[in-house]
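Summary of structural features
Below are the chains, spelled out letter by letter.
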Amino acid sequence: MADNTNIISEEKEGILYLTVNRESKLNALNFDTLEEIRNIFNEVSDNKNIKAVIITGSGEKAFIAGADISEIAELNELNARKFAENGQEIFSLIENCHKPVIAVVNGFALGGGCELAMACHMRIASANAKFGQPEVNLGIIPGYGGTQRLTYLIGRGKANELMMTGDMIGAEEAKSLGLVNYVCESKNEAMAKAEEVIQKIMSKAPLAIGMIVDCVNAVFIQGENGYQTEANSFARCVKSGDYKEGTSAFLEKRKPVFKGE
């Protein structure tokens with residue numbers, strides 16, 4: 001993994017731990033940090049040693065408190081569209097990654113931080129987590145996919161309310177709405193829970209995990225027949241060595257050893 005300025009990366013036992021490390025700025029996403037995320041996820045896709053990713057923020061106050069306002073303040077109509085499309089493209093890399101990506105959300109996950117968390121496959125929050133899309137306070141709207149993913153995750157009515165008011169919600173409410181999978185008392189406990197979930201996923205067939213990502217995402221792609229995507233993906237799984245190993249192991253009453261082939 002290449003050296004980065006704003007993100008600390010550590011690979012351990014197949015898990016890549018990514019920590020957004022701008023604690024003095026509440027880990028706000030600036031252009032450079034976004035490009036580091038792009039480069040990391042481009043590498044993750046091709047790195048066979050990496051089986052899963054956990055993303056968190058440095059310190060206890062914030063996961064990511066939003067985009068860097070000093071950069072947003074310099075936008076004009078011409079470059080604002082590119083600004084939004086660039087962020088959407090980067091977060092799409094996370095959403096479409098064939099390896100499980102879990103956000104461990106500590107403290108504030110606002111604006112671009114909430115959008116990044118929603119691009120992950122799952123979210124596990126510490127009790128002090130706060131979620132929100134407060135862009136209306138700046139006279140703008142979410143631009144990194146927040147209007148779409150928040151609506152998919154919690155429904156139209158509540159998504160409209162949160163984005164129109166700019167209000168924040170706590171971890172327990174986020175869980176009740178389906179935005180968060182688990183709430184843990186502390187950041188350390190949330191990290192342990194993320195590792196527990198990932199270890200379980202890593203024991204399954206990697207190709208099947210990737211196909212699940214494609215099929216779930218197909219639900220939200222306009223014009224795509226998700227049922228056909230499922231049938232095609234099912235057929236791809238059946239011609240794999242993992243399928244042969246999984247069915248043989250079941251019949252032989254042993255644990256399967258999947259190779260992702």
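The structure under discussion appears in the preceding block.
Residues numbered from 1 in each chain as written. Predicted model: local features only at pLDDT ≥ 70, side-chain atom pairs only at ≥ 80, totals over all residues. Heavy atoms only, no water.

Helix and strand counts for the protein chain stand at 11 helices and 10 strands. Considering only C-alpha atoms, the protein chain reaches an extent of 60 × 40 × 35 Å along its principal axes. Considering the protein chain as a whole, with its 261 residues, one finds that 45% of them fall into the buried category. Sequence-distant contacts in the protein chain: of pairs separated by 6 or more residues, those separated by 24 or more amount to 68%. About 13800 Å² of surface is accessible on the protein chain, with carbon and sulfur atoms providing 52% of the total. (Helix = DSSP H or I, 4+ residues; strand = E, 2+ residues; numbered from the N terminus. Buried < 20%, exposed > 50% of the residue type's maximum accessible area, 1.4 Å probe, protein only. Contact = heavy atoms within 4.5 Å. Areas by Shrake-Rupley, 256 points an atom, 1.4 Å probe, with all protein chains shown as cover.)

It is worth spelling out the nonpolar core at this point. Of all hydrophobic cores here, the largest spans 46 residues; its most connected members are Phe41, Ile55, Ile94, Leu116 and Phe131. Among residues more than four places away in sequence, those in contact with Phe131 are Val105, Ala109, Leu110, Cys114, Ala125, Asp167, Met168, Ile169, Ala171, Ala174, Leu179 and Val180. Core analysis: the next-biggest nonpolar cluster, separate from the first, contains 16 residues, Ala52, Val104, Ile124 and Ile209 among them. (Core = buried A, V, L, I, M, F, W, Y, C linked by side-chain atoms within 4.5 Å.)

Under the criterion given, the structure shown has nine salt bridges. Two residues, Lys193 and Glu196, come together in a salt bridge whose shortest N-O distance is 3.3 Å. On the criterion of helical spacing, the pair formed by Lys193 and Glu196 is a turn pair, its members being three residues apart in helix α8 (residues 187-202). Taking the relative accessible area as the measure of exposure, Glu196 reaches 44% and is therefore partly exposed. With a shortest N-O distance of 2.7 Å, Glu245 and Arg254 are connected by a salt bridge. Within this structure, Glu35, Arg38 and Glu89 form a network of salt bridges that share partners. (Salt bridge = Lys/Arg side-chain N within 4 Å of Asp/Glu carboxyl O.)

What follows is about the packing of aromatic side chains. All chains considered together, the criterion is met by four aromatic pairs. Ring centres of Phe31 and Phe83 lie 5.8 Å apart, and the angle between their planes is 70°; this geometry places the pair in the edge-to-face category. Here Phe83 lies in helix α3 (residues 77-95) and Phe31 lies in helix α1 (residues 31-46), a separation of 52 residues in the sequence. Their ring planes at 25° and their centres at 4.2 Å tell us that Tyr152 and Phe220 sit as a pair that is stacked. (Phe/Tyr/Trp six-rings, centres within 6.5 Å; stacked < 30°, edge-to-face > 60°.)

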